[in-house]
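Structural overview for review
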Amino acid sequence: MSRLQASGLVSVRQGSGYRVHDYRIHGGMDLLGPVMEMTCSNGQQEETVRDLLTIRRAMAVAVLDRLSKGIRSEDQRRITQAIDTFGEAVERGAPPSELSEFDARILGALVAATGSPVLGLCLNPVLNALGQLPALSQAMYARPGENLVGWRLFEAWLGRPDSFPQDQILGQLEKSDLHTLRRMRGPQ
């Protein structure tokens with residue numbers, strides 16, 4: 001009961017027990033995992049994944065905005081190192097589960113470079129929820145070379161944020177997400 005109360009799902013009423021709250025109104029990011037499980041078991045997997053990918057893209061806007069104002073060289077080195085590690089995994093044919101882990105490290109380095117603990121706290125549950133679906137990893141990393149090209153584009157932008165518009169990166173991410181959703185559906 002204390003976990004439910006901490007999550008905002010129940011409240012104690014003196015003398016009359018507990019009051020149950022609607023998770024959609026009172027719940028927080030900590031509920032993404034359980035909601036993911038529930039919606040996927042109800043046949044709403046694609047819709048849930050689409051929503052999570054949309055949130056991830058919205059967070060990318062915030063990250064790009066923060067990083068466009070400047071990035072410390074040590075943060076840029078950390079990001080480049082994470083992208084290089086992802087590239088090495090792609091070259092050796094690492095499985096999707098491993099690529100997903102390296103991809104999350106890149107995202108973590110990017111969010112850390114913003115200096116925003118709020119963005120980090122928002123990113124973690126989204127990544128955890130996305131990581132619960134092996135089919136999603138299979139679809140996201142079906143063509144890992146394309147993922148690497150996207151990260152290299154981002155890396156180039158970090159070196160010169162004025163060299164091309166953020167919209168180009170966001171458009172590439174959206175295109176990649178659409179391909180991921182199609183792959184998850186399987187052959188039509």
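Residues numbered from 1 in each chain as written. Predicted model: local features only at pLDDT ≥ 70, side-chain atom pairs only at ≥ 80, totals over all residues. Heavy atoms only, no water.

1. Concerning the packing of helix α4 (residues 45–68) against helix α10 (residues 166–185)
Their axes nearest at 10 Å, the elements α4 and α10 cross at an angle of 165 degrees. With respect to their mutual orientation, α4 and α10 come out roughly antiparallel. Note that α4 runs across α10; the crossing there is right-handed. Every residue of α10 that contacts α4 at Q45, E46, V49, R50, L53, R56, R57, A60, V61, L64, D65 and S68 is listed here: Q166, I169, L170, L173, E174, D177, L181, M184 and R185. Here the residues of the contact of α4 with α10 sort into ten nonpolar, three polar and eight charged. (Axes fitted to C-alpha atoms, helices over the stretch in contact; angles between N-to-C directions. Helix = DSSP H or I, 4+ residues; strand = E, 2+ residues; numbered from the N terminus. Parallel < 35°, antiparallel > 145°, perpendicular 65-115°, else oblique. Left-handed = near helix turned anticlockwise from the far one by under 90°. Contact = heavy atoms within 4.5 Å. Nonpolar A, V, L, I, M, F, W, Y, C, P; charged D, E, K, R; others polar.)

2. Section: the nonpolar core
Ranked by internal contacts, the top residues of the largest apolar core, which has 44 residues, are L67, F86, L110, W151 and F154. Secondary-structure elements contributing two or more residues to this core are α3 (32–41), α4, α5 (73–91), α6 (96–114), α7 (117–130), α8 (134–140), α9 (144–159) and α10. Once residues within four sequence positions are removed from consideration, F154 is found in contact with L64, L67, L110 and I169. (Core = buried A, V, L, I, M, F, W, Y, C linked by side-chain atoms within 4.5 Å. Buried < 20%, exposed > 50% of the residue type's maximum accessible area, 1.4 Å probe, protein only.)

3. Quick word on the pairing of strand β2 (residues 17–20)
Sheet faces and side chains relate simply in a regular strand, where the side chains alternate between the two faces. Pairing analysis gives four bridges linking strand β1 (residues 10–13) to β2, with the strands arranged antiparallel. Bridge pairing in β2 places V10 opposite V20. Here β1 folds back onto β2 in antiparallel fashion, the turn holding three residues, of which G15 has a positive phi close to 80 degrees. (Pairing = 2+ DSSP bridges.)

4. As for α5
The end-to-end C-alpha separation of α5 is 26 Å, in line with the 27 Å expected for 19 residues at 1.5 Å each. Within α5 the residues assigned to the buried category are D75, I79, A82, I83, F86, G87, A89 and V90. Looking straight down α5, one finds that the buried residues subtend no more than 160 degrees of arc, so they occupy a single side. Residues R77, Q81 and E91 are exposed on α5 and point more than 90 degrees away from its buried face. (Expected span 1.5 Å × (residues − 1). Arc of directions from axis to C-beta.)

5. Observations concerning the side chain of D177
Mapped onto the secondary structure, D177 falls in helix α10. Once residues within four sequence positions are removed from consideration, D177 is found in contact with L53, R56 and R57.

6. What about the side chain of T180?
Among the structural elements, T180 can be located in helix α10. Here T180 is in contact with L136, A139 and M140, once residues within four sequence places are set aside.

7. Regarding the packing of aromatic side chains
Within this structure, the stated rule accounts for three aromatic pairs. Relative to W157, the ring of F154 has its centre 5.8 Å away and its plane inclined at 50 degrees; by these criteria the two rings are tilted. Note that F154 and W157 are positioned in helix α9 at a spacing of three residues, about one turn of the helix. Each member of the pair, F154 together with W157, is buried. Taken together, W151, F154 and W157 form an aromatic cluster joined through their ring pairs. (Phe/Tyr/Trp six-rings, centres within 6.5 Å; stacked < 30°, edge-to-face > 60°.)

8. Topic: α3
What α3 keeps buried is the set L32, G33, M36, T39 and C40. Angularly, the buried residues of α3 cover 135 degrees about the axis, an arc narrow enough to put them on a single face. Set apart from the buried face of α3 by more than 90 degrees, the exposed residues are E37 and S41. Those residues of α3 that are buried lie in contact with α4 and α7. Just beyond α3, the residue with positive phi is G43, at close to 80 degrees.

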